[in-house]
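Listed below, chain by chain, are the residues.
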Amino acid sequence: MKITPTRARELARHLGGEIVGDADTMITGIAPIEQAGSGDLSFIAQARFLDQLDQTAAAAVLVAANFTLTPGRRPALIRVANPYFAFIEIIKKYLPNPQSAPGIDPSAHVSPHARLGEGVTIGPHATIEAGCEIGAAVQIGAGCYLGRGAKIGSGSTLFPHVCIAHEVIIGRNVIVQFGSVIGSDGFGYVKHEGRHHKIPHLGTVVIEDEVEIGANCTIDRGTFGETRIQRGAKLDNLIHLAHNVTVGENTVIAAQTGVSGSTKIGRDVTIAGQVGFVGHIDIGDHTMFGAQAGVTKSIPANTVVSGYPARDHAQARREEAAIRRLPELLKRVKALERLLAADGKLQLSEDSPKEEMAG
């Protein structure tokens, strides 16, 4: 991937790093270490990949600050505190910006009663209802829908076909990927005289600053209060948050996770893919959940759990290891039963399966 041509010393200065080697090396692109070619900048984030410096054709490589130079290394090295983060910083600064120029596409429908900040971009066939407030430099993709009274903070980006329902509040520098729906009604019904009657959902959704929401996520509005995603949280694709859920600051949630209504998830929580949470529970700060965990009760802070039902991760692994041994243990039990029966020390039950007795 090409970037604006830049000398290695300029990259090091931007990152606050130390350069080892030819500071005048010209960088014209970025690539993973195993794919990098002449002129590319790459990075090594883990010590186990350092041997790839011998094979790479990269012009320069970002490495950890404590990396010790070995004689004969060809690429220029830029020592930084976090090579992966530094690589992302270079992408953001030097990669050409693909975003559309500010302006409103002629096919978009923007209510005259909506308020737009400076530098807003609205793509083809988007709809902006009355009472919407859109901050400066917001990008709204093709086919997006913003319901009446929705608010979008400055610097946020809505990719095509995002739906933001009425009265939903989106903070600054939020990213919502393709096809997500924020603020739909929750799944709530009262059964009366044999029929399910819909519960009105009169609340809203609040997305705080610097949150990212992946593609095709669905986030329900509160029944009366609010569903809230706090600052810096990151959601993968295909995630469902039910009504009145709270997701804490800097929490990360992987794809296909579902959270039932009124569950409160703390800050700095890590949730792997396909985790399911029942409703009305509290999840403590700094907890971690293994893939496909089934969370049926509140989990205290600083806990690592997995399995179904979700339990201490180390305990779950021991139980799974024991289960894998069950076929072997069953054979051993049968063999012992046959030996004891042959010695007359065991009377096999009449309802024992014939195939087990036959061995």
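Residues numbered from 1 in each chain as written. Predicted model: local features only at pLDDT ≥ 70, side-chain atom pairs only at ≥ 80, totals over all residues. Heavy atoms only, no water.

Some points on helix α1 (residues 8-15)
Moving on, step 1. All of the buried residues along α1 are Ala 8, Leu 11, Ala 12 and Leu 15. Take α1 and look down its axis: the buried residues cluster within an arc of 100°, on one side only.
Moving on, step 2. Phi turns positive, to about 70°, at Gly 16, one or two residues after α1. (Buried < 20%, exposed > 50% of the residue type's maximum accessible area, 1.4 Å probe, protein only. Helix = DSSP H or I, 4+ residues; strand = E, 2+ residues; numbered from the N terminus. Arc of directions from axis to C-beta.)

Some points on the packing of aromatic side chains
Moving on, step 1. Under the defined criterion, the tally for this structure stands at five aromatic pairs.
Moving on, step 2. Cluster of aromatic residues (ring-pair linked, three or more members): Phe 43, Tyr 84 and Phe 87.
Moving on, step 3. Lying over the aromatic face of Tyr 94, Lys 93 brings its terminal NZ or CZ to 5.5 Å of the ring centre. (Phe/Tyr/Trp six-rings, centres within 6.5 Å; stacked < 30°, edge-to-face > 60°. Lys NZ or Arg CZ within 6 Å of the ring centre and 35° of its normal.)

Here's the deal with the nonpolar core
Moving on, step 1. Ranked by internal contacts, the top residues of the largest apolar core, which has 51 residues, are Ile 140, Ile 164, Ile 229 and Phe 289.
Moving on, step 2. Leave out the neighbours within four places in its chain, and Ile 164 touches Tyr 145, Leu 146, Gly 147, Ala 150, Ile 152, Leu 158, Ile 170 and Ile 182.
Moving on, step 3. If you look at the next biggest cluster of nonpolar residues, it comprises 18 residues, including Ile 30, Ala 60, Val 80 and Tyr 94. (Core = buried A, V, L, I, M, F, W, Y, C linked by side-chain atoms within 4.5 Å. Contact = heavy atoms within 4.5 Å.)

Here's the deal with the sheet that holds strand β9 (residues 115-116)
Moving on, step 1. The strand order across the open sheet built from nine strands is β9-β12-β15-β18-β23-β26-β29-β32-β35, with neighbouring strands paired in parallel fashion. Both outer strands of the open sheet, β9 and β35 (282-283), are each paired with one neighbouring strand and no more. (Pairing = 2+ DSSP bridges.)

Thoughts on the sheet that holds strand β2 (residues 18-20)
Moving on, step 1. Reading across the sheet, the six strands line up as β1-β3-β4-β5-β6-β2 and stay open at both edges, with mixed pairing between neighbours. The sheet is open, and its two borders are formed by β1 (2-7) and β2, each paired with just one other strand. On average, adjacent strands in this sheet sit at an angle of 30° to one another, irrespective of strand direction.
Moving on, step 2. Most of the contacts of α1 go to β1, to which it runs at about 95°, and overall it touches β1, β2, β3 (26-30), β4 (40-43), β5 (60-64) and β6 (76-80). (Axes fitted to C-alpha atoms, helices over the stretch in contact; angles between N-to-C directions.)

Description of the pairing of strand β26 (residues 226-229)
Moving on, step 1. Side chains Thr 227 and Ile 229 project from β26 onto a buried face, and the interleaved Glu 226 and Arg 228 project onto a face without burial.
Moving on, step 2. Pairing between β26 and strand β29 (residues 246-247): two bridges, direction parallel. Across the sheet, the residue bridging to Ile 229 is Val 247, located in β29.

Observations regarding unusual backbone geometry
Moving on, step 1. Between Tyr 308 and the following residue, Pro 309, the backbone shows a cis peptide bond with an omega angle of -10°.
Moving on, step 2. Following the sequence through the fold, Pro 309 ends up in the loop between β38 (304-306) and β39 (311-312).
Moving on, step 3. Even without being glycine, Glu 193 reaches a positive phi, approximately 55°.
Moving on, step 4. For Glu 193, the position within the fold is in the loop between β21 (189-192) and β22 (195-198).

Thoughts on helix α4 (residues 326-342)
Moving on, step 1. Taking 1.5 Å of rise per residue, 17 residues should cover 24 Å, and α4 covers 24 Å from first to last C-alpha, within 8% of that figure.
Moving on, step 2. Among the residues trailing α4, Gly 344 stands out with phi positive, at a value near 75°. (Expected span 1.5 Å × (residues − 1).)

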